[in-house]
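Structural overview for review
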Amino acid sequence: MLALGAIMLGACKKEAIQSGSSAFTETEIVIPNDDISPSAAVDVIAEALEAVPLETPKEAYVSDWADKVITTSDNRIVLVNNHNVAIFNALTGKFIKELQPAGDGPGEYSSFREVSYNPFTNEIELFADFQRKELIYDSDGNYLRDEDQYLLYGSKMYLTKDLCAYSCNQNNSELLGTKESYKIVLHDKKKNRLTGYLPLPHLEEKLSNLKIPYPFSSTAAGLSWFQPFNNGIFSVTPDGVSNRYSIVFRKNNIPSDFWEKNRKYTGKLEAGINENFPFLDSYFFENSQFIISRYMQNNIIQFVVYDKHKKRCVINTKSIFADKWGLHMPLPRHINKTGFLFILAAEDFIAMMESFDDKSLLPKSFLKAYRQAKPIDNPILITLTVKGGEAIQDVVHKTNPN
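The following refers to the structure shown. Starting from 1, residues in each chain are numbered consecutively following that chain's sequence as written. The predicted nature of this model means local features are confined to residues of pLDDT at least 70 and side-chain atom pairs, given and counted, to a pLDDT of 80 or more, with totals for whole chains, interfaces and linings taken over all residues. Hydrogens and water molecules were not included; the side-chain quantities draw on all heavy atoms of the structure.

Below, the discussion takes up the sheet that holds strand β26 (residues 327–329). Hydrogen bonds along the backbone pair up the strands of a sheet, which may run parallel or antiparallel. In space, the three strands of this open sheet follow the order β3-β25-β26, with mixed pairing throughout. The two strands at the open ends of the sheet, each matched to only one other strand, are β3 (40–41) and β26. As paired strands, strand β25 (residues 320–322) and β26 are joined by three bridges and run antiparallel to one another. Each bridged residue has a counterpart across the sheet, and for isoleucine 320 the counterpart in β26 is methionine 329. DSSP calls a pair of strands paired once it identifies at least 2 bridges connecting them. Segments assigned H or I by DSSP are reported as helices when at least four residues long, segments assigned E as strands when at least two residues long, and all are numbered from the N terminus.

For the rest of this paragraph, the subject is a positive patch on the surface. In this scheme, patches are assembled from residues that exceed 30% relative accessible area and form no salt bridge. Like charges are connected within 9 Å, while nonpolar side chains (Val, Leu, Ile, Met, Phe, Trp, Tyr) are connected within 5 Å. Using a 1.4 Å probe, the Shrake-Rupley method yields the accessible areas, and only the shown protein chains count as cover for residues. For this analysis, a salt bridge means a side-chain nitrogen from Lys or Arg found within 4 Å of a carboxyl oxygen belonging to Asp or Glu. When charges are counted, neither His nor the chain ends are considered; positive counts come from Lys and Arg and negative counts from Asp and Glu. By convention, charge coordinates are those of NZ in Lys, CZ in Arg, CG in Asp, or CD in Glu. A surface patch of positive charge is lined by Lys161, Lys190, Lys191 and Arg193. Mapped onto the elements, arginine 193 comes out in strand β16 (residues 193–200).

Quick look at the packing of aromatic side chains now. Any two of the Phe, Tyr and Trp rings considered here, Trp counted by its six-membered ring, make a pair once their centres fall within 6.5 Å; the pair's planes then place it as stacked at under 30 degrees, edge-to-face at over 60, or tilted in between. Overall, the coordinates contain ten aromatic pairs when judged by the stated rule. Between the aromatic rings of tyrosine 109 and phenylalanine 112, the centroid separation amounts to 5.7 Å while the plane-to-plane angle is 75 degrees, which identifies the pairing as edge-to-face. Think of it in three bands: residues with accessible area under 20% of the maximum for their type are buried, residues over 50% are exposed, and the middle band is partly exposed, with areas taken using a 1.4 Å probe on protein chains only. A residue is classified by how much of its surface remains accessible, and phenylalanine 112, at 11% relative accessible area, is buried. Residues phenylalanine 349 and phenylalanine 366 carry aromatic rings whose centres are separated by 5.9 Å and whose planes lie at 40 degrees to one another, so their mutual orientation is tilted. Residue phenylalanine 349 is located in helix α6 (residues 346–354), and its partner phenylalanine 366 is located in helix α7 (residues 364–372); the two are separated by 17 residues in the primary sequence.

As defined here, a cavity is a set of points on a 1 Å grid over the protein atoms alone where a 1.4 Å probe fits but cannot get out. A pocket is an open set with protein on both sides within 12 Å along at least five of seven lines, and residues line them when an atom is within 4 Å of a point. Grid points are joined across faces, edges and corners, and a volume is the space filled by probe spheres set on the points. In the structure shown here, the tally under the stated rule is three cavities of 30 Å³ or more. Taken together, Ile29, Ile31, Ile247, Leu280, Phe284, Ile291, Ile292, Ser293, Val304, Tyr306 and Cys313 make up the full set of residues lining the largest cavity. Broken down by secondary-structure element, the contributors of at least two residues to the lining of the largest cavity are β2 (27–31), β21 (279–286), β22 (290–297) and β23 (300–307). Considering each element in turn, the lining of the largest cavity owes the most residues, three residues, to β22. Each residue gets one label: Ala, Val, Leu, Ile, Met, Phe, Trp, Tyr, Cys and Pro are nonpolar, Asp, Glu, Lys and Arg are charged, and the others, such as Gly, are polar. Grouping the constituent residues of the lining of the largest cavity by class yields ten nonpolar, one polar and no charged.

Buried within α6 we find Ala346, Phe349, Ile350, Met352 and Met353. Along α6, the residues classed as buried sweep out an arc of 160 degrees about the axis, all on the same side. With respect to the buried face of α6, the exposed residues turned more than 90 degrees away are Glu347 and Glu354. The inward-facing, buried residues of α6 contact β4 (46–53), β26, β28 (339–344), α7 and β29 (380–386). As used here, the arc belongs to the directions running from the helix axis to the C-beta atoms. Contacts are assigned to residue pairs that have any heavy atoms within 4.5 Å of one another.

What follows deals with the nonpolar core. In a soluble, globular protein the nonpolar side chains are often hidden away together inside. We call a set of buried Ala, Val, Leu, Ile, Met, Phe, Trp, Tyr and Cys residues a nonpolar core when their side-chain atoms join them within 4.5 Å. One finds Leu327, Phe340, Phe349, Phe366, Ile382 and Leu384 to be the most contacted residues of the largest nonpolar core, which totals 36 residues. If sequence neighbours within four positions are ignored, phenylalanine 340 has contacts with Ile45, Ile292, Phe303, Pro332, His334, Ile335, Ile382, Thr383, Leu384 and Val386.

If you trace the four strands from one edge of the open sheet to the other, you get β9-β10-β11-β12, paired in antiparallel fashion. With one partner strand each, in any of the chains shown, β9 (114–118) and β12 (143–148) form the two edges of the open sheet. Looking at each pair of strands side by side, their axes are set apart by 25 degrees on average, direction ignored. Strand direction decides the pairing type here: β9 and strand β10 (residues 123–128), joined by five bridges, are antiparallel. Bridging from a neighbouring strand, asparagine 118 pairs with glutamate 123 of β10. Helix axes are fitted to C-alpha atoms over the stretch in contact, other axes to C-alpha atoms as well, and angles between N-to-C directions run from 0 to 180 degrees.

This is the structure we're talking about:
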């Protein structure tokens, strides 16, 4: 249990962060935003494309738009939307279980702030912020236990079985026993120790009610962490937090003091658009070969892929398509170490399929999903496996698909 009075803290000041981890040397990534393609093929980074219709039982009709998608190491896919959590088999689409608000008893919650996953224990963790508890389930959604959690956080990811990283945008100084609050907190559960990094400005603490994503991305060496309106990517390892990448736009790059002058979130967004400054959007993804992100320019979301081997951007576009299959696709909203995840409404999937004159060119799984799909069904899961990632069926644990 995480008891408030029993926590030890090691708080690292801002000047110590640069040397907090010696795992990386900061790398500059130049984005050629003066040369944006209207559309680009993703075949250069794609290995496979699969479509899986999600089962539609009476008790589990899920939204066509998921706030978050988690894939587990035993081929489960967890869809998080509003106050519901639905679990399916990622290979077959078979419905497994839905977690819903129920109450204040064991395994129950009235609301939640975040859903995370521990790949080392294969457990799903739901942070019920009102009850100040983390409810822990197995990958089939069966309740296992709960743990006290007093630290308010927006996202969470594990470095080891007992070491996790939290991204915070609320005051946590009282819990940490320090004068300052911190954006990143490492929690060593085995030693019951919290360590804070990147001081959190008091102004940002007032933005706690805004759902601003500060996502982590898992890499072989640790985690990458991205904060919107800050063109720097940080590395998070058991040794600490350090600068990983600096993002430089080739055209109209943001002055170094711009975000300091426009501190409020709404002010940043409005100023960035009015000044026509490009800035990173809501997600960042890294695997062994590619860095994938989005940025806003001229009030339009652009999709960018940086090849670490070639040391240049290989895709920089407004829209993407899979040339091999002649398939135009929306920009991906969900990403993991497998690649891109699309949750497409069954009605939209059917319309897309019917627009093809020669459906035989499409992957067999698309044809199978098309034959099964009805407009009122649960959405279709589409996965685009990225080179350098891991296919869903090849991750750590293999299980019976049922």
